[in-house]
Structures are given as C-alpha cells and as structure tokens.
Amino acid sequence: ILNVEQSPQSLHVQEGDSTNFTCSFPSSNFYALHWYRWETAKSPEALFVMTLNGDEKKKGRISATLNTKEGYSYLYIKGSQPEDSATYLCAPPAHNNNDMRFGAGTRLTVKP
Amino acid sequence: DARVTQTPRHKVTEMGQEVTMRCQPILGHNTVFWYRQTMMQGLELLAYFRNRAPLDDSGMPKDRFSAEMPDATLATLKIQPSEPRDSAVYFCASGLVPTERGAFLFGPGTRLTVL
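About the thresholds
- Residues numbered from 1 in each chain as written.
- Chains lettered and ligands numbered in written order.
- Predicted model: local features only at pLDDT ≥ 70, side-chain atom pairs only at ≥ 80, totals over all residues.
- Heavy atoms only, no water.
- Pairing = 2+ DSSP bridges.
- Helix = DSSP H or I, 4+ residues; strand = E, 2+ residues; numbered from the N terminus.
- Axes fitted to C-alpha atoms, helices over the stretch in contact; angles between N-to-C directions.
- Contact = heavy atoms within 4.5 Å.
- Buried area = accessible area lost by both parts, 1.4 Å probe.
- Salt bridge = Lys/Arg side-chain N within 4 Å of Asp/Glu carboxyl O.
- Polar contact = N/O pair within 3.5 Å; in protein donor to acceptor, adjacent residues only side chain to side chain.
- Nonpolar A, V, L, I, M, F, W, Y, C, P; charged D, E, K, R; others polar.

1. Let's talk about the sheet that holds strand β7 (residues 62-67) of chain A
Sheet strands pair by backbone hydrogen bonding; their relative direction is either parallel or antiparallel.
Residue and element names in this part refer to chain A.
For step 1, the next point in the chain: Read across the open sheet, the five strands follow the order β1-β3-β8-β7-β6; overall the sheet is antiparallel. The open sheet is flanked by β1 (5-7) and β6 (56-59), the only strands paired with a single partner. Direction aside, the axes of adjacent strands within the sheet are offset by 15 degrees on average.
For step 2, the next point in the chain: Looking at chain direction, β6 and β7 are connected through four bridges and run antiparallel. Bridging across to β7, Lys 59 finds its partner in Ile 62.

Listed below in structure tokens is the structure:
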C-alpha cells in the first residue's frame, strides 16, 4: 500500500490570505498524482492530474507543483475565499498503476 | 457532461438487512472504484475493477461485503447482513487507467444508515 502523507491536517486562514499544503509520496515508480477538492456533503471533484517532474498546473486561484524526484506536490491557493473551504485530497496511484488510495487530506477553512 | 450515477442516494435500513448500492460508471471508462467515507480515514478504498474484472477487494470486510460488475454499465456493492457500523457514505468513481490519462470522476454517493 502506497504511503501518502498530507500536511497540515487542517488549516484556518482569513479571507484574502494565500496558503499552501503538501502531499508527500514515495518517489519510486511514479506514474501520476491526482488532486481533488472535497466540499462537505458533496463528492470529491478533480482539480489536477500531474505527471511530469516540474509540472505546474493552474486553475483560477489554485495551482499545484510536482517534484517526483523528492516525492512531493504542493497545492497553492492565492487570495483564499470562503468558498475554498474544503478538504483537499491527493492520490498518487500505486506502483502497479491500478489503485487510487487517497491521503487523509488537508481540511481548509477560510474565515470571512 | 458525462456523470457517474449512484442509486439509491439515501438508504435507511435495519441491522441484519441486505443492502445493495448501484453505480453506473461513465461509458468508456475502464476502471471503477468503491470508496467509503469515514471520519478517521477520509476516503477508504473498498474495492476496484478494471475492465470489469475485480482487482482488489482487500479493503472490504469479506464476510459481509461483496462487489460485482455484471456489465460495463453497472457496478454493485452489497452488504449482507448490514450492521450499524456500516453507516457511512459510499462513493463510486470511474476513470481510465493508466491514471495519467485523466482524472477519476465521482458519483454523488449513497448515504447509508443502518439502525
């Protein structure tokens, strides 16, 4: 089972603050890294699929970077808004590229 | 937009009863996952199928849970007999493997309450 760690577990920021959190994973046999956004009482929503070392992807105020050699990905949110409040999950598929096991997530709360 | 559908959306049942949850994956997707939302572990992987073949169901309690994919348009998760500790939201997700081909899409979930 792939060991995925996300930090911090939770984060409280003020509206307008920029923030970032980390997904760490074993760097060997890397295939892809998936980021999802999961709002309370909803289903997870895909944000990014990252595949190449040095990848940087952006969707609005949210961006992500990938370092496959050292085994981490950062998710950044610029100018956080209350609607960004959610749990952010990452999943690096296992070495056999078959399963998607998620980290425990970072729970972000943005206060107005 | 193509969507993953799940039925029922809500199910309340009594302990000991059989529960069947259904998922219709997106046409063309070759992999289907079943997850359970838990307080402690977030999204817990229960089982998954690739090209309808079960690949791993080690996350499920074998004595009471079973997962099948009778055809490409239907995946099922069955609990028999159900217990109060099975109360949770169950999600299915479908997508393509190799996973770098794109994101997996989640269904809306089935909220199960076992009394």
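2. Considering the interface of chain A and chain B
For step 1, the next point in the chain: Residue-level contacts link 19 residues of chain A with 22 residues of chain B.
For step 2, the next point in the chain: For the pair chain A and chain B, the summed buried area comes to about 1700 Å², and 62% of that belongs to carbon and sulfur atoms.
For step 3, the next point in the chain: Of all residues in chain A, the largest losses of buried area upon contact with chain B belong to Trp 38, Asn 98 and Met 100 of chain A, amounting jointly to 29% of the total for that side.
For step 4, the next point in the chain: At the boundary of chain A with chain B, the tally comes to one salt bridge.
For step 5, the next point in the chain: Run the count over chain A and chain B and you get four residue pairs in polar contact (both at pLDDT 80 or more).
For step 6, the next point in the chain: Of all the secondary-structure elements, those providing two or more residues to the side of chain A that touches chain B are β4 (33-38) and β5 (45-50) of chain A.
For step 7, the next point in the chain: Counting residues per element, the side of chain A that touches chain B draws most heavily on β4 of chain A, which supplies three residues.
For step 8, the next point in the chain: Taken together, the residues of the side of chain A that touches chain B break down into eleven nonpolar, five polar and three charged.

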